[in-house]
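An overview of the molecular structure
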Amino acid sequence: QVQLVESGGGLVQAGGSLRISCAASGSIFSINSMGWYRQAPGKQREMVAYIRSGGSTNYADSVKGRFTISRDNAKNTVYLQMNSLKPEDTAVYYCNANVVRDYYSDAEYYWGQGTQVTVSS
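Residues numbered from 1 in each chain as written. Predicted model: local features only at pLDDT ≥ 70, side-chain atom pairs only at ≥ 80, totals over all residues. Heavy atoms only, no water.

If you walk through the whole model with that rule in mind, you get one disulfide. Note on cysteine connectivity: C22 is disulfide-linked to C95, with sulfurs 2.1 Å apart. For the disulfide bridge between C22 and C95, the dihedral angle about the S-S bond is near -80°, and by the sign convention the bridge is left-handed. Of this pair, C22 sits in strand β3 (residues 18–26) while C95 sits in strand β9 (residues 91–100), and the two are 73 residues apart along the sequence. Judged by its relative accessible area of 0%, C22 falls in the buried class. Note on C95: relative accessible area 0%, which makes it buried. (Disulfide = S-S within 2.5 Å. Helix = DSSP H or I, 4+ residues; strand = E, 2+ residues; numbered from the N terminus. Buried < 20%, exposed > 50% of the residue type's maximum accessible area, 1.4 Å probe, protein only.)

Time to look at the environment of I51. In this fold, I51 is placed in strand β5 (residues 46–51). Separated by 26 residues in sequence, I51 and T77 place their C-alpha atoms 11 Å apart. When residues no more than four places from it in sequence are discounted, the contact partners of I51 are N32, S33, M34, S56, T57, I69, S70, R71 and V78. (Contact = heavy atoms within 4.5 Å.)

Among the nonpolar cores identified, the biggest contains 30 residues, and W36, V48, F67, V78, L80, M82 and Y93 are the most heavily contacted of them. Tallying contributions element by element places β9 first for this core, with five residues. (Core = buried A, V, L, I, M, F, W, Y, C linked by side-chain atoms within 4.5 Å.)

In this section: the pattern of salt bridges. A complete count under the given rule lists four salt bridges for this structure. Linking D89 and R38 is a salt bridge whose minimum nitrogen-to-oxygen distance equals 3.0 Å. Of this pair, D89 sits in the loop between β8 (77–82) and β9 while R38 sits in strand β4 (residues 30–39), and the two are 51 residues apart along the sequence. Taking relative accessible area as the criterion, R38 reaches 6% and is therefore assigned buried. R66 serves as the salt-bridge partner of D89, at 2.8 Å between the closest nitrogen and oxygen. Taken together, the residues D89 in the loop between β8 and β9 and R66 in the loop between β6 (57–59) and β7 (67–72) connect sequence positions 23 residues apart. Judged by its relative accessible area of 11%, R66 falls in the buried class. Among the charged side chains, a network of salt bridges with common partners joins R38, E46, R66 and D89. (Salt bridge = Lys/Arg side-chain N within 4 Å of Asp/Glu carboxyl O.)

Written out as structure tokens, the structure reads:
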């Protein structure tokens, strides 16, 4: 099995910064994309950012220029550096990874349990 464990969430004032991390562990042969999604109360889950194994990235328009996604392939870990945070960034942030478990398996998507990020005004 594959586990994704997020860490680093918390409470921060508007304009502040926070970095969240997600470490993948378990039966892992390789990881394709890794990314972050978020879900605010009463809203649908939305993509925030993702990074492919080669390092190319995509961001939601709402976070471009403020958030930076990166990954450490040796540690199977993805990071999200969040700067200039706004109250509307408040949400539960979920890690997502597209994982190949062994040479013969197809890639599957896995989710973390989520970490709360709260931005006060």
